[in-house]
Amino acid sequence: MATEAHAAEGATGYIIHHLTPLHFGEGFWTLHLDTLFFSAALGGLFIWFFKTAAEKATSGVPGLVQSFAEMMIEFVDQQVKDSFHGHSKLIAPLALTIFCWVFLWNFMDLFPVDILPLIGSLMGLEYLRVVPSTDLNATFAMSISVFALIIFYSIKIKGPWGFAKELMFQPFGPWLLPFNLLLKLVEEIAKPISLALRLFGNLYAGELIFILIALLPWYLQPVLSFPWAIFHILIITLQAFIFMVLTIVYLSMAHEDH
Amino acid sequence: MSINATLIGQMITFALLVWFTMKYIWPPLFDSLEERRKKIADGLAAAEKGQENMHLAEKKAKNVIKEAKEQSSEIVNQAQKRANELIEESKDLGKKEGERMILAAKAQIEQEIHQARESLRQEVAALAFSAAEQILGAEIDKAKHRDIINKVSNQLG
């Protein structure tokens, strides 16, 4: 839907406009208000839904809301049990939060690309980028938090010396210490970066394609955006799932003492 | 497309969400799931136990019925035996009674024969006397001729 308003800037302008966040502040202290708002709102939606289910939770016959919540809980719990063999009160709720939150972020991608920015512009907002996972800050915030947990649990379970030993003496033994250290550091740092970039890349690309489809003549748009949206339903679920499973796997690796 | 303070805000939101989920969402839902699992397991166990009990009760009932049947057939046998005995007994009794009655009748008959003979004899004796009287034309003194009369009547008997 390349409207007249964007015609002056052309297709590039339209795309850039769509991918520019509603920001506030300067330099590092810039806040992406849209990312913050939408992710908080979606987080609130997640909390509200599950809290409703949790409050009415009964071991008798469950209602619809509870059934759905329990289905999610069982699904996540199964994933955790499959790859994590320790005792942790944090990992399962963490995995549930990650899966639901990322899924909801990604789900924003399925709203028509112009609808929410249009409403925003009516409310006087110049820019509005509605999909939080197309913001590197959002994906990195999550993956860095996970990374911090990985480091925390590595040190907690293996002890500072045990963790240091693992970094220095594996996989090639003590004679290749600097090489081991380099390898291990890259391996560790790759975890949050790959987590964040995978999610960001997939969703950014998906959103970009929606925007490109929106630039086409109106009669071509449904033909392309409909299959892409269906395909995207798979992608957004898959990306949320991957983020969750990798988090569980990384944390279980942190728990395993060699 | 730059990393900025949004990151910090997002991390805070994420931490809050995880904390809330860990504290208020996961435990009640998970507990209710576990509780239901336990309830179902208990129910299944109870059902199994009930079935087992039913089988036991069935077996017991069969035994009781078998015993009752045996007992009843024994009772019937005994009753039949007793009935046979009774029949035999009454048969015996009847036979004896009959024999006794026959004997009594025979005795009576004998007695009656005897009586008849006696009266016949007396009558004959009287007849003989009267005939003799008439023949002799004189009265026979009964006292005088007792011996003769007795002799005659004995001969008649």
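What counts, and at which threshold
Within each chain, residues carry numbers counting from 1 in the order of the written sequence. Going through the entries in the order they are written, you letter the chains from A and number the ligands from 1. The predicted origin of the model limits local features to residues at a pLDDT of at least 70 and limits the giving and counting of side-chain atom pairs to 80 or more, whereas totals for whole chains, interfaces and linings rest on all residues. Think of the side-chain values as coming from all heavy atoms in the structure, minus any hydrogens and water. Starting at the N terminus, helices and strands are each numbered in turn, a helix being any DSSP run of H or I of at least four residues and a strand any DSSP run of E of at least two. Within these notes, the globule rule equals 2.2 Å times the number of residues to the 0.38 power, and the radius of gyration is based on C-alpha atoms. For every residue, the accessible area (1.4 Å probe, protein chains only) is compared with the maximum for its type, and the residue is labelled buried under 20%, exposed over 50%, or partly exposed between those bounds. Per-residue and other accessible areas follow the Shrake-Rupley method at a 1.4 Å probe size, with only the shown protein chains counted as cover for residues. Pairs were defined over the aromatic rings of Phe, Tyr and Trp, the Trp ring being its six-membered one, requiring ring centres within 6.5 Å. Orientation was assigned from the angle between planes: stacked under 30 degrees, edge-to-face over 60, tilted for the rest. Contacts were defined at the residue level, with two residues in contact if any of their heavy atoms lie within 4.5 Å. The quantity reported as buried area is the accessible area (1.4 Å probe) lost by two parts once they are put together, taken as the sum for both. For salt bridges, the criterion is a side-chain nitrogen of Lys or Arg within 4 Å of an Asp or Glu carboxyl oxygen. Throughout this description, a polar contact denotes any pair of N or O atoms lying within 3.5 Å of each other; where both atoms belong to protein, one of them has to be capable of donating a hydrogen while the other can accept it, and for residues adjacent in sequence the pair is counted only when both atoms sit in side chains. Note on residue categories: nonpolar means Ala, Val, Leu, Ile, Met, Phe, Trp, Tyr, Cys or Pro, charged means Asp, Glu, Lys or Arg, and polar means any other residue, Gly included.

Scanning chain B from N- to C-terminus turns up 2 helices and 0 strands. Against the compact-globule benchmark of 15 Å for 157 residues, chain B has a radius of gyration of 61 Å, which places it well outside the compact range. Here the C-alpha coordinates of chain B stretch approximately 190 × 20 × 20 Å along the principal axes. When burial is assessed residue by residue, chain B has 14% of its 157 residues classed as buried. For chain B, the computed accessible surface area is about 12,800 Å², with 59% contributed by carbon and sulfur atoms.

Once that is clear, we can look at the environment of A:Leu45. Residue and element names in this part refer to chain A. Along the chain, the position of leucine 45 falls in helix α3 (residues 33–55). Judged by its relative accessible area of 44%, leucine 45 is partly exposed. Between the C-alpha atoms of leucine 45 and cysteine 100, which are 55 residues apart in sequence, the distance is 9.9 Å.

The next subject is the packing of aromatic side chains. Residues and elements named next belong to chain A. Per the stated rule, a full pass over the model turns up 21 aromatic pairs over all chains. Summarising the aromatic geometry, the rings of phenylalanine 99 and phenylalanine 103 are spaced 6.5 Å apart at their centres and angled 20 degrees between planes, so their arrangement reads as stacked. Note that phenylalanine 99 and phenylalanine 103 are positioned in helix α5 (residues 91–107) at a spacing of 4 residues, about one turn of the helix. Given the relative accessible area of 7%, phenylalanine 99 is considered buried. Given the relative accessible area of 25%, phenylalanine 103 is considered partly exposed. Each ring, one from phenylalanine 103 and one from phenylalanine 107, has its centre 6.1 Å from the other, and the planes form 35 degrees; the classification is tilted. With phenylalanine 103 and phenylalanine 107 both in helix α5 and 4 residues apart, this pair spans about one turn of that helix. Among the aromatic side chains, those forming a connected cluster through ring pairs are Phe75, Phe99, Phe103, Phe107, Phe111 and Phe241.

Chain B puts 30 residues into the contact, and the matching count from chain A is 52 residues. In this assembly, chain B packs against chain A so that about 3,600 Å² is buried in total across both faces, 75% of it on carbon and sulfur atoms. Applying the counting criterion to the chain B and chain A interface returns 2 salt bridges. Close ionic contact of A:Glu70 with B:Arg36 constitutes a salt bridge, the shortest N to O distance being 2.9 Å. In this assembly, chain B and chain A are joined by 16 residue pairs in polar contact (both at pLDDT 80 or more). Considered class by class, the residues forming the side of chain B that touches chain A number 18 nonpolar, 8 polar and 4 charged.

A few words on the pattern of salt bridges. All names here are of chain A. For the structure shown, the criterion picks out 12 salt bridges over all chains. For the salt bridge of glutamate 166 with lysine 158, the shortest nitrogen-to-oxygen distance reads 2.9 Å. Side by side, glutamate 166 and lysine 158 carry an identical accessibility label, which is buried. With a shortest N-O distance of 3.4 Å, glutamate 188 and lysine 191 are connected by a salt bridge. Taken together, the positions of glutamate 188 and lysine 191, both in helix α8 (residues 177–215) and 3 residues apart, correspond to about one turn of that helix.

Any link to function would need more than the numbers given here.
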